[in-house]
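Topology and contacts: notes
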Amino acid sequence: MENIRQVEIPNSDLSQEFDHIKEAKLIDLCRNKDKAAFKELYDRYSGRVYSLSLRLSADRENAKDITQETFISVWKNIASFNGESAFYTWLHKIAVNNFLMLKRKNSNSTESLSRKHNDINPENYASTFSTRIDVEKAISKLPEQSRMVFVMFDIEGYKHEEIGSMLGIASGTSKAQLHRARKFLRNELTK
């Protein structure tokens, strides 16, 4: 009898490939206005979108609104998703754009988003780990533009040129804001 050599295929590679195929199928179904498929995409990504929105806006109610508007936009515009980037990248850009639209809309109100962050109690939404609570508190205390740049660069992985384009600032300004944010966070977390 011959020795049969077994080849192991890593489960993580198979599951990632399966997830990618499943996601592509869900997107195709959503293009045909399949509500069950859309609910599955929503269930899969709404937590991440909410988390991003909360970090950007530093306000739970605004984060809920941004998340809702993001998924309304996805439902209306899913046919325009061409698959050149990952679905979450496309979804993320929609969420950031919805945040920026909300920010512009609220810029004329008497209470701006940048002042609302003082009313936040991160213990209500952060995990039970005190380190995470401290980090979330510190992030919520950042000035608005520094917070946006920090979240987009360090947490979401955008490049300074992309951040500059989305926020309407120079990439050098983005770099300076990131430097200020990191310095502020170091000071806050070492108190």
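What this report covers is the structure whose coordinates are included nearby.

This brings us to the layout of surface pockets. In this structure, the largest pocket spans a volume of roughly 180 Å³. Forming the boundary of the largest pocket are 14 residues, of which His 20, Glu 23, Ile 27, Phe 81 and Phe 87 lie nearest the centre. Elements with a contribution of two residues or more to the lining of the largest pocket: helix 1 (11–31) and helix 4 (87–106). Here the lining of the largest pocket takes six residues from helix 1, the largest share from any one element.

The next subject is the environment of Tyr 88. Here Tyr 88 shows up in helix 4. Each C-alpha atom of the pair Tyr 88 and Tyr 45 lies 7.8 Å from the other, and the pair is 43 residues apart in sequence.

This brings us to the side chain of Ser 174. On the secondary structure map, Ser 174 appears in helix 9 (residues 171–189). At a separation of 2.8 Å, a polar atom in the side chain of Ser 174 contacts the side chain of His 160. With residues near it in sequence (within four places) discarded, Ser 174 still touches Val 149, His 160, Ile 163 and Ile 169.

A word on the side chain of Asn 98. Here Asn 98 lies in helix 4. Its relative accessible area of 8% is what places Asn 98 among the buried residues. Polar side-chain contacts of Asn 98 include one of 3.1 Å to the side chain of Thr 70. Here Asn 98 is in contact with Ile 66, Glu 69, Thr 70 and Ser 73, once residues within four sequence places are set aside.

Below, the discussion takes up the nonpolar core. In terms of nonpolar packing, the biggest core is built from 41 residues, with Leu 56, Val 74, Phe 87, Leu 91, Phe 150, Met 152 and Leu 167 touching the most fellow members. For this core, the secondary structure elements donating two or more residues are helix 1, helix 2 (35–57), helix 3 (60–77), helix 4, helix 6 (130–141), helix 7 (144–155), helix 8 (160–167) and helix 9. At 10 residues, helix 4 tops the list of elements feeding residues into this core. Ignoring anything within four residues of it in the chain, the contact list for Phe 87 reads Glu 23, Ile 27, Leu 41, Tyr 45, Val 74, Ile 78 and Phe 81.

About the cut-offs
Residues numbered from 1 in each chain as written. Predicted model: local features only at pLDDT ≥ 70, side-chain atom pairs only at ≥ 80, totals over all residues. Heavy atoms only, no water. 1 Å grid on protein atoms, 1.4 Å probe; cavity = no way out; pocket = protein on both sides within 12 Å on 5 of 7 lines; lining within 4 Å. Points joined across faces, edges and corners; volume = space filled by probe spheres on them. Helix = DSSP H or I, 4+ residues; strand = E, 2+ residues; numbered from the N terminus. Polar contact = N/O pair within 3.5 Å; in protein donor to acceptor, adjacent residues only side chain to side chain. Contact = heavy atoms within 4.5 Å. Buried < 20%, exposed > 50% of the residue type's maximum accessible area, 1.4 Å probe, protein only. Core = buried A, V, L, I, M, F, W, Y, C linked by side-chain atoms within 4.5 Å.

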